[in-house]
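Observations on the model geometry
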Amino acid sequence: MTRLYGGVEAGGTKFVCAVGTGPNDIRAETRFPTTTPDETLGRAIDFFRDYQADLAGLGVASFGPVDPNPASPTFGYVTTTPKRGWPNTDVAGAFRRALGLPVAFDTDVNAAAVGEGRWGAAQGLDTFIYLTVGTGVGGGVVAGGRLVHGLIHPEVGHIRLPHDWQADPFPGICPYHGDCFEGLASGPALEARWKQRGDTLPADHPAWPLQAHYLALALVCFICTLSPQRLILGGGVMNQPHLFPLLRAEVQRLLNGYVQAPAVLDQIDQYIVPPALAGYAGVLGSMALAMDAAGK
Ligand code: ZN
């Protein structure tokens, strides 16, 4: 009998739960809106109960901020989130207690990075970044085949970027930093700067070269500090097909030939790419976390 794994993508607006062994073997799946912790976690637990006897483990990829440190007393908690009812919620513990299974737990972007590494756009690579540019900006970093946690986990969406106030007087929207990467380049930042939703801006609008510029400044920073073998960019803002070519050209312009790697110099179409698992990266990634925890 094949042992199955459960995956939970615990998002701030919806939960996705699945049971299986990988993208070609999803035995069951459900999704529902995120309401109160009791109701939402209860629905997820009820879904997994039907498969409890076949499950070898469960992975949870959660919206944050979270505590992903297994040695911490609040491991598996959603911590200081502004989402009502959710601060200090023991998400991993709720599943562990109800189902009696080992539960792996990490951020949604870290899990998505693991999913893309196992089954998606970063297969065969040991050092890469998964970045999501949507309501917020966040990313998971895999280095030398392992997720980077370090102090807590990387917060690549909050790096500071050079900001030309004359070219772009927009002050940014990050409540902590104003004009950090997320403050300048998230979906809500685009909408606040241009007074209309990003997906309604035409392809020739000046919003897009500016957006590509900020994204490229961030990617160049990651390329120079982490030397990733690939950069995978998802999230709502990246659903503009014209943005990738602008972004790749701007990365090359900013690097100015300094990083002497074919991936950057003449194979950049395969270097800066969209996710391969699309909407499934998080839930499959959480399944992969469960497999890793079980030693599979
Ligand atoms: Zn910030």
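Residues numbered from 1 in each chain as written. Predicted model: local features only at pLDDT ≥ 70, side-chain atom pairs only at ≥ 80, totals over all residues. Heavy atoms only, no water.

**As for the nonpolar core**
- Phe181, Phe222, Val251 and Ile272 are the most contacted members of the largest nonpolar core, which has 41 residues in total.
- Among the secondary structure elements, those contributing two or more residues to this core are strand S8 (128–133), strand S9 (137–143), helix H4 (181–185), helix H5 (187–194), helix H6 (207–226), strand S11 (230–234) and helix H7 (243–255).
- Ignoring sequence-local partners within four residues, the contact set of Ile272 consists of Leu219, Leu231, Leu233, Phe244, Leu247, Arg248 and Val251.
- Counting 29 residues, the second largest nonpolar core, distinct from the first, contains Leu41, Leu55, Leu58 and Val78. (Core = buried A, V, L, I, M, F, W, Y, C linked by side-chain atoms within 4.5 Å. Buried < 20%, exposed > 50% of the residue type's maximum accessible area, 1.4 Å probe, protein only. Helix = DSSP H or I, 4+ residues; strand = E, 2+ residues; numbered from the N terminus. Contact = heavy atoms within 4.5 Å.)

**Quick notes on the side chain of Thr81**
- Topologically, Thr81 is positioned in the loop between strand S5 (77–78) and strand S6 (89–90).
- On the basis of relative accessibility, which here comes to 6%, the residue Thr81 falls in the buried class.
- At a separation of 3.1 Å, a polar atom in the side chain of Thr81 contacts the main-chain amide nitrogen of Lys83.
- Apart from the residues lying within four places of it in its own chain, the contact partners of Thr81 are Phe63, Gly64, Pro65, Trp86 and Pro87. (Polar contact = N/O pair within 3.5 Å; in protein donor to acceptor, adjacent residues only side chain to side chain.)

**Concerning the domain arrangement of the protein chain**
- Its domain assignment divides the protein chain into domain 1 (4–111 + 279–293) and domain 2 (122–274).
- Once you take the C-alpha centre of each, domain 1 and domain 2 turn out to be 27 Å apart.
- Across the boundary between the two partners, domain 1 contributes 7 residues, which contact 11 residues of domain 2.
- At the boundary of domain 1 with domain 2, total buried surface from both sides reaches about 650 Å², with 64% on carbon and sulfur atoms.
- Among the residues of domain 1 in contact with domain 2, Pro68, Val109 and Asn110 are the three that bury the most area, contributing 69% of the side total.
- Where domain 1 meets domain 2, there are 0 salt bridges. (Domains from an automatic or database assignment. Buried area = accessible area lost by both parts, 1.4 Å probe. Salt bridge = Lys/Arg side-chain N within 4 Å of Asp/Glu carboxyl O.)

**Some thoughts on the packing of H6 against H7**
- In the contact formed by H6 and H7, the axes pass within 8 Å of each other and the chain directions differ by 50 degrees. Taken together, the axes of H6 and H7 lie oblique to each other. Crossing of H6 over H7 shows right-handed handedness. Counted together, Trp208, Pro209, Gln211, Ala212, His213, Leu215, Ala216, Leu217, Leu219, Val220, Ile223 and Cys224 of H6 and Leu243, Leu246, Leu247, Glu250, Val251, Arg253, Leu254 and Leu255 of H7 form the full contact between these two elements.
- Considering only residue class, the contact of H6 with H7 consists of 16 nonpolar, 2 polar and 2 charged. (Axes fitted to C-alpha atoms, helices over the stretch in contact; angles between N-to-C directions. Parallel < 35°, antiparallel > 145°, perpendicular 65-115°, else oblique. Left-handed = near helix turned anticlockwise from the far one by under 90°. Nonpolar A, V, L, I, M, F, W, Y, C, P; charged D, E, K, R; others polar.)

**Quick word on the packing of H5 against H6**
- Across the interface, H5 lies against H6 with an axial gap of 12 Å and an inter-helix angle of 140 degrees. Taken as axis vectors, H5 and H6 run oblique relative to one another. Crossing of H5 over H6 shows right-handed handedness. Residue-level contacts link Leu190, Arg193 and Trp194 of H5 to Ala207, Trp208, Leu210, Gln211 and Tyr214 of H6.

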